[in-house]
Amino acid sequence: MSLEIVSQLDWQMVTEVVDQEFGEGVTKTLRGRLMPVSKKSKKGISYYLVSSDWMRFLQNKFTDFEPAHLGRRFGDIVEGRFRFSLSMLDELKDVTPNHLVVSGKGAEAFTYGRSILKESVVEVAPGLSREQRVVVLNKHGDCLGLASLTVDSERIGRLGPDRLVAKNLADIGWYIRNE
Amino acid sequence: MAEKKRKQRAKELAKEFGYLPYMTERYLALWGEEETLSFLEACEIAPKTAIRINSLKMPIEQTVRRMKRKGIALKRVPWLEEGFTADFGDRTPGSLFEHLFGHYYVQGVPSMTVVKALDPQKGEVVMDLASAPGGKTTHISQLMENTGTVFSIELDRLRMRSLVNNIQRCGVTNAIALRGDARKLDGLGVAPDRILLDAPCSGEGLIPLDPARKRSKTMADIRYCATRQDELLDSVIKTLAPGGVLVYSTCSIAPEENEYVIDSILGKHPEMKIIQIDQEFGVPGYTQPYGVSLDVSLSQSRRFLPHIHGLEGFFICKMRKEGDR
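Criteria and cut-off values
- Each chain has its residues counted from 1, running along the sequence as written.
- For naming, the first written chain is A and the first written ligand is 1, with later ones following in the order written.
- Confidence filtering applies because this is a predicted model: local features only for residues at pLDDT of at least 70, side-chain atom pairs given and counted only at 80 or more, and all residues used for totals across whole chains, interfaces and linings.
- Side-chain metrics in this entry use all non-hydrogen atoms of the structure; hydrogen atoms and water are not considered.
- If DSSP finds at least two bridges between two strands, the strands pair.
- Helix and strand labels come from DSSP, where a helix needs a run of H or I of at least four residues and a strand needs a run of E of at least two; each type is numbered from the N terminus.
- Here, residues are in contact when the closest pair of their heavy atoms is within 4.5 Å.
- For helices, the fitted line uses only the C-alpha atoms of the stretch in contact; every axis is such a line through C-alpha atoms, and the angle between N-to-C directions lies from 0 to 180 degrees.
- Residues belong to a common nonpolar core when they are buried Ala, Val, Leu, Ile, Met, Phe, Trp, Tyr or Cys residues joined through side-chain atoms within 4.5 Å.
- To sort residues, take the accessible area from a 1.4 Å probe on protein chains only and compare it with the maximum for the residue type: under 20% means buried, over 50% means exposed, and anything in between is partly exposed.
- Residue ranges labeled as domains rest on an automatic or database domain assignment.
- The scheme is simple: roughly parallel for angles under 35 degrees, roughly antiparallel for over 145, roughly perpendicular for 65 to 115, oblique for anything else.
- What makes a crossing left-handed is the near helix being turned counterclockwise from the far one by less than a right angle; a clockwise turn instead makes it right-handed.
- Any residue outside Ala, Val, Leu, Ile, Met, Phe, Trp, Tyr, Cys, Pro, Asp, Glu, Lys and Arg is labelled polar, Gly included; the first ten of those are nonpolar and the last four are charged.
- Between the first and last residue of a helix there are one fewer steps than residues, each counted as 1.5 Å, and that sum is the expected span.
- What the arc measures is the spread of directions leading from the helix axis to the C-beta atoms.
- With the strands pointing away from the viewer, any crossover whose connection runs clockwise from the first strand over the helix to the second is right-handed.
- Simply put, the buried area is the total loss of 1.4 Å probe accessible area from both parts when two parts are fitted together.

**Student:** How would you explain the sheet that holds strand 9 (residues 121-124) of chain A if you had to name every residue and give the values?
**Tutor:** All names here are of chain A. Read across the open sheet, the six strands follow the order 8-12-11-10-7-9; overall the sheet is mixed. Unpaired on one side and paired on the other, strand 8 (116-117) and strand 9 mark the two borders of the sheet. Direction of pairing for strand 7 (residues 99-102) relative to strand 9: antiparallel, over a ladder of three bridges. Across the sheet, Val102 pairs through a bridge with Val121, a residue of strand 9. Contacts from helix 4 (residues 86-95) reach strand 7, strand 10 (133-137), strand 11 (143-149) and strand 12 (164-171) within the one sheet, and its direction differs from that of strand 11 by about 85 degrees.

**Student:** Please give an account of the nonpolar core that cites residues and values.
**Tutor:** Counting 46 residues, the largest nonpolar core has Phe74(A), Phe84(A), Leu100(A), Ile116(A) and Leu144(A) as the members making the most contacts within it. For this core, the leading source of residues is strand 11 of chain A, giving five residues. Three or more residues apiece are contributed to this core by two domains, here domain 1 (3-85) and domain 2 (97-177) of chain A. Apart from the residues lying within four places of it in its own chain, the contact partners of Phe74(A) are Trp11(A), Val14(A), Val18(A), Thr27(A), Leu30(A), Tyr47(A), Tyr48(A), Leu49(A), Phe82(A), Phe84(A), Ser85(A) and Met88(A). Leu178(B), Ala226(B), Leu233(B) and Ile274(B) belong to the second-largest nonpolar core, a separate cluster that totals 44 residues.

**Student:** So what about the packing of helix 8 (residues 219-239) of chain B against helix 9 (residues 259-268) of chain B? Which residues, and what values?
**Tutor:** All names here are of chain B. The geometry of helix 8 relative to helix 9 is characterised by a closest axis approach of 10 Å and an angle of 40 degrees between their N-to-C directions. By the angle class used here, helix 8 and helix 9 are oblique. Like other packed secondary-structure pairs, helix 8 and helix 9 cross with a definite hand, here right-handed. Contact residues: Ala226, Gln229, Asp230, Leu233, Asp234 and Ile237 in helix 8; Val261, Ile262, Ser264, Ile265 and Lys268 in helix 9. The class makeup of the residues in the contact of helix 8 with helix 9 is six nonpolar, two polar and three charged.

**Student:** Summarise helix 1 (residues 3-17) of chain B; cite the residues concerned and give the values.
**Tutor:** Residue and element names in this part refer to chain B. In this model, helix 1 (15 residues) spans 21 Å end to end at C-alpha, consistent with the 21 Å of a helix rising 1.5 Å per residue. Of all the positions in helix 1, only Ala10, Leu13, Ala14 and Phe17 are classed as buried. Buried residues of helix 1, seen end-on, are gathered within an arc of 100 degrees and therefore sit on one face of the element. When the buried face of helix 1 is taken as reference, the exposed residues oriented beyond 90 degrees from it are Lys4, Lys5, Lys11, Lys15 and Glu16. If you follow the buried residues of helix 1, they end up packed against helix 2 (21-42). Once helix 1 ends, the next one or two residues include Gly18, with phi positive near 85 degrees.

**Student:** Can you explain the pairing of strand 9 (residues 245-250) of chain B? Please cite residues and give values.
**Tutor:** All names here are of chain B. With six of six residues buried, strand 9 lies mostly within the body of the structure. Neither face of strand 9 is open: one carries Val245, Val247 and Ser249, the other Leu246, Tyr248 and Thr250, and all of them are buried. Pairing of strand 8 (residues 194-198) with strand 9 involves five bridges; the strand directions are parallel. Following the sheet pairing, Asp198 is matched in strand 9 by Ser249. Read from strand 8 through helix 8 to strand 9, the crossover connection turns out right-handed. Where strand 9 and strand 13 (residues 314-321) come together, six bridges link them in antiparallel fashion. Counted as the bridge partner of Val245 is Arg320 from strand 13.

**Student:** Provide a residue-level description of the domain arrangement of chain A, including the pertinent values.
**Tutor:** Residue and element names in this part refer to chain A. In terms of domain boundaries, chain A breaks down into domain 1 (3-85) and domain 2 (97-177). Here the C-alpha centre of domain 2 lies 27 Å away from the C-alpha centre of domain 1. On the side of domain 2, seven residues touch domain 1, which itself brings five residues to the contact. Taking both sides of the interface into account, the surface hidden between domain 1 and domain 2 amounts to around 650 Å²; carbon and sulfur atoms contribute 42%. On the domain 1 side of the contact with domain 2, Glu21, Phe22 and Arg83 bury the most area, a combined 79% of that side's loss. For the side of domain 1 that touches domain 2, the secondary structure elements donating two or more residues are helix 1 (8-22) and strand 6 (81-84). No other element matches the three residues that strand 6 contributes to the side of domain 1 that touches domain 2.

Here it is, written out as structure tokens:
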């Protein structure tokens, strides 16, 4: 599980995938002046953003030690699909309009790993298509996780209260469930 | 107290409070009857829950207001700006959304105090050893305001998962978490400005939190831990930059894992000197435990004791390596 500085070509691929879903320039804003580093594992590739000052440490290869995390975890490519890390979602919410706001009850259910029903939806960004990924927020603007719409956002108003609106992809309850 | 009489009294106390006899015998030799009784009684009471407010996610006062609105009673720990004892009423400390958001970390007061004693500065290279589940790593990053570099090193694969979770939950971005044996730090090629070694120990200070520890560890376990602690310190001292600061701590009250270990290290490493901890807390470390004379500078180390402070037992010693940084 060695670390590698991500090549320009590979980063371009990540950028295209992310920007296509969350808006032009989102990847560049999130990256800032940090350097992308990748770690391959059996499950896929994880991307991290680190300070370029850390080149001096990375060059030493961490002999006798196995890197588990460094800097900020940007996301992972698993089975060919990119998924943001939970810790990036707080920043992502500020640079993308793709939000879905849920009620208090919906927030509770979502952070227990449940998907989102129509009755929990307080607000959703307009013009989003089915399968679009959205950042899930509570009414105070706190980030709860990431979900994938199961219907076009314009159709949500017409659904019954118990109909599925968005599938849970990642939620902050995972921090506790995964311990 | 004569040895025979002490052994007899130790057996009686061990039976009454549910300890292994070797433990109460050591307490009697260390403290005498009155203080031993006071200690044993204090260990029957769990310390208050404490939390550290994480300013990496939100300013401290804002989180305090938010939690008070939810009915959580908070009281600041005098020597810790970010540390509070907390009454969650009928809720569990980890059940609030603010916990999931990383606004606070449930952590004992002594564990927070260790990091305060380390006093990490912005831009430095700091190493936290035996670091899972990450309370101290995330606290170090908080005090460094996510600048510099924190090497967080843990051997246990399962505990590593909690460490990484907590790093991410708390918004830490200046940490490098590595799995490996802290006795092999040479391979990293890093000379940190500060190292925190909260060493694996018998946990004899945690009896107020976990009564099972009254009977779960033998004297052989304490000896094993002391050997391991000595090896870890040897490795750490070699790695520390000249002029660098080392904080050694354990959640054990046993002098065998604390003052004895440090006394031996001071003998082997004349370049290491104990220095004063800036914060006012606890009581001085022992210089004559069980009547054995140790380095007098050990009085600058600090102890938390359940019967004096109402907290879990802890030992903290701050040292500096000679040389210029």
